[in-house]
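For reference, the chains in residue letters:
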Amino acid sequence: MIKFITAGESHGKGIVAVIEGIPAHLRLGEEDINVELKRRQMGYGRGARMKIELDRAEILSGVRKGETLGSPIAVAVWNRDWHNKPMSPVFVPRPGHADLAGALKYSQQDIRNVWERASARETAGRVAAGAVARKLLGEFGIEILSHIVGIGYISIDTTGIRLELLKKQIKSADKAPVRCVNKEAAKEMIRQIDEARAKGDTLGGMFEIIALGVPAGLGTYVQWDARLDMKLAGALMSIPGIRGVEIGLGFESAGMKGSEVHDEIAYKGRFTRKTNNAGGIEGGISNGEPIILRAAMKPIPSLAKPLWSVNLKTKRSAKAPVLRADVCAVPAAGVVGEAMAAIELASAMTDRFSGDTLQEMKRHFKA
Ligand code: EPS
């Protein structure tokens with residue numbers, strides 16, 4: 001099993017991720033993490049903070065001479081925008097952010113004490129941990145991709161596209177502004193982001209995760225909390241702003257007939273399916289087909305044209321504070337989603353093919 005935690009505040013010294021359960025002798029360098037951190041910083045609609053930061057990993061522990069030791073791996077991403085002087089307090093919570101709920105829970109009047117940790121900057125730590133998990137998955141031929149399938153009112157349907165072609169399209173769209181494989185839809189997404197920015201508004205959307213090469217047999221139905229779909233859905237749901245997760249056909253399957261939904265089984269030297277509506281998981285277990293997940297992100301709650309709220313001190317109506325923020329962070333959320341899926345899949349792999357060393361894990365995998 002792989003465990004990970006993050007620590008750090010948005011304007012503290014940095015974000016740290018600690019990941020445990022990675023076997024010894026996996027080749028790992030800071031550059032493996034940096035490529036993923038860079039991807040998280042990209043995307044049309046990001047705020048000014050991304051122009052300040054140059055997220056880079058510093059491996060603090062768990063790696064020697066470019067190889068993991070089997071001990072906890074700690075990675076730091078230092079903040080450039082580190083405020084070491086006290087900042088003026090904020091008393092008006094933003095609707096939709098953690099501000100009010102956090103202030104009530106931790107008995108805080110200065111909302112900065114809530115948002116410093118609740119900020120999506122924390123996801124830099126997740127992406128760092130995810131990059132380590134991804135490196136382990138790569139040893140077993142498992143690849144994780146993501147692409148944007150919706151922003152605002154625009155959404156695309158890629159179900160008819162052959163997976164090999166879709167994979168190519170996703171790889172070439174990865175550096176494009178909204179990471180969407182449909183160029184026409186991407187233009188409209190960008191136009192909508194511009195419009196939202198001009199109006200002081202924000203936008204949400206939907207990303208899809210595709211995990212290729214996942215062997216059959218990860219996860220299990222024998223206990224509720226061991227199901228792979230539960231773990232993956234929970235992992236995606238934990239990303240700030242995510243309000244819904246689907247697996248395979250997801251919500252659409254609720255309105256369809258059983259004969260339309262379930263993937264008929266054939267045998268051609270191995271078990272095959274013509275369709276993958278199940279999204280690669282049946283009975284809480286990976287079935288050998290690609291794993292397909294989608295997550296819906298709500299619009300960012302920091303609005304340039306703010307909503308009404310209440311001052312926590314005076315209890316009088318007040319406009320929420322106007323802060324530097326993203327107009328749309330869905331392209332970046334997709335990268336965070338990949339990281340979370342990588343961690344859960346790597347964890348399921350270490351459960352299934354456990355080993356103290358990578359070689360031992362590979363022997364179990366081969367067997
Ligand atoms: C983020 C850093 C933050 C925000 C954003 C994500 O930096 P700052 O608050 O200094 O501008 O840009 O956080 C949010 C959108 C949020 O709602 O918390 C980052 O590194 O991703």
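Here the structure is a predicted model, which means the values were calculated and not measured. (Residues numbered from 1 in each chain as written. Predicted model: local features only at pLDDT ≥ 70, side-chain atom pairs only at ≥ 80, totals over all residues. Heavy atoms only, no water.)

What to know about the UniProt feature "binding site: NADP(+)" (unreviewed entry) in the chain
Here is step 1 of the chain: Within this structure's numbering, the places UniProt gives as "binding site: NADP(+)" (unreviewed entry) are Arg 40 and Arg 46.
Here is step 2 of the chain: Apart from residues no more than four positions distant in its own chain, Arg 40 is found in contact with Arg 46, Met 50, Asp 55, Ala 120, Arg 121, Thr 123, Ala 124, Val 127, Ala 332, Val 335 and Val 336.
Here is step 3 of the chain: Within the secondary structure layout, Arg 46 lies in the loop between helix H1 (30-41) and helix H2 (49-52).
Here is step 4 of the chain: Within the local environment of Arg 46, its side chain forms a polar contact with the backbone oxygen of Arg 40, the two atoms lying 2.7 Å apart. (UniProt positions renumbered as here; feature names shortened; annotations may be inferred. Contact = heavy atoms within 4.5 Å. Helix = DSSP H or I, 4+ residues; strand = E, 2+ residues; numbered from the N terminus. Polar contact = N/O pair within 3.5 Å; in protein donor to acceptor, adjacent residues only side chain to side chain.)

Some remarks on a nonpolar patch on the surface
Here is step 1 of the chain: Nonpolar side chains collect at one region of the surface, where Ile 265, Tyr 267 and Phe 271 lie side by side and expose about 400 Å² of accessible area between them.
Here is step 2 of the chain: Relative to the assigned elements, Phe 271 resides in strand S12 (residues 271-273). (Patch = residues over 30% accessible without salt bridge, like charges linked within 9 Å, V, L, I, M, F, W, Y side chains within 5 Å. Areas by Shrake-Rupley, 256 points an atom, 1.4 Å probe, with all protein chains shown as cover. Salt bridge = Lys/Arg side-chain N within 4 Å of Asp/Glu carboxyl O.)

So, the site of the ligand
Here is step 1 of the chain: Near the ligand you find His 11, Arg 40, Arg 46, Arg 49, Met 50, His 97, Ser 119, Ala 120, Arg 121, Ile 300, Arg 324 and Asp 326, and these make up its full shell.
Here is step 2 of the chain: Note that an oxygen atom of the ligand is positioned 2.6 Å from one of the side-chain N or O atoms of Arg 324.
Here is step 3 of the chain: A total of 480 Å² of accessible area belongs to the ligand in isolation, and the protein chains cover 90% of it.
Here is step 4 of the chain: Considering only residue class, the shell around the ligand consists of three nonpolar, three polar and six charged. (Near = heavy atom within 4 Å. Nonpolar A, V, L, I, M, F, W, Y, C, P; charged D, E, K, R; others polar.)

Structural notes on the UniProt feature "binding site: FMN" (unreviewed entry) in the chain
Here is step 1 of the chain: When the UniProt feature table is mapped onto this chain numbering, "binding site: FMN" (unreviewed entry) sits at Arg 117, Ala 118, Ser 119, Gly 283, Lys 298, Pro 299, Ile 300, Pro 301, Ser 302 and Arg 324. With the annotated positions falling across 208 residues, the maximum pairwise C-alpha distance of 44.4 Å shows that they are not confined to a single cluster.
Here is step 2 of the chain: Here Pro 301 lies in the loop between strand S15 (291-297) and strand S16 (308-310).

Here we look at helix H5 (residues 123-138)
Here is step 1 of the chain: Here H5 is 16 residues long and its end C-alpha atoms lie 22 Å apart, about the 22 Å a rise of 1.5 Å per residue gives.
Here is step 2 of the chain: Counting buried positions over the 16 residues of H5 gives 13, a clear majority of the element. (Expected span 1.5 Å × (residues − 1). Buried < 20%, exposed > 50% of the residue type's maximum accessible area, 1.4 Å probe, protein only.)

Let's talk about the packing of helix H8 (residues 228-237) against helix H10 (residues 330-352)
Here is step 1 of the chain: As a packed pair, H8 and H10 sit with axes 9 Å apart at the nearest point and diverge in direction by 150 degrees. Classed by the angle they form, the pair H8 and H10 counts as roughly antiparallel. Crossing handedness for the pair H8 and H10: right-handed. Contacts between H8 and H10 pair Leu 228, Lys 231, Leu 232, Ala 235 and Leu 236 from the former with Gly 337, Met 340, Ala 341, Glu 344, Leu 345, Ala 348 and Asp 351 from the latter. (Axes fitted to C-alpha atoms, helices over the stretch in contact; angles between N-to-C directions. Parallel < 35°, antiparallel > 145°, perpendicular 65-115°, else oblique. Left-handed = near helix turned anticlockwise from the far one by under 90°.)

Some details on the side chain of Arg 94
Here is step 1 of the chain: Mapped onto the fold, Arg 94 is located in the loop between strand S6 (73-78) and helix H3 (99-105).
Here is step 2 of the chain: A distance of 2.8 Å separates a polar atom in the side chain of Arg 94 from a polar atom in the side chain of Asp 99.
Here is step 3 of the chain: Excluding residues that lie within four positions of it along the chain, Arg 94 makes contacts with Asp 99, Trp 115, Pro 301, Ser 302, Ala 320, Pro 321 and Leu 323.

Overview of the pairing of strand S7 (residues 143-151)
Here is step 1 of the chain: Burial analysis of S7 places eight of its nine residues in the buried class, which makes it a mostly covered element.
Here is step 2 of the chain: Strand direction decides the pairing type here: S7 and strand S9 (residues 205-212), joined by eight bridges, are antiparallel. Residue Leu 145 lies in a different strand from S9, and its bridge partner there is Ile 210.
Here is step 3 of the chain: The loop that links S7 with its antiparallel partner strand S8 (residues 154-155) comprises two residues; one of these, Gly 152, has a positive phi angle of about 55 degrees. (Pairing = 2+ DSSP bridges.)

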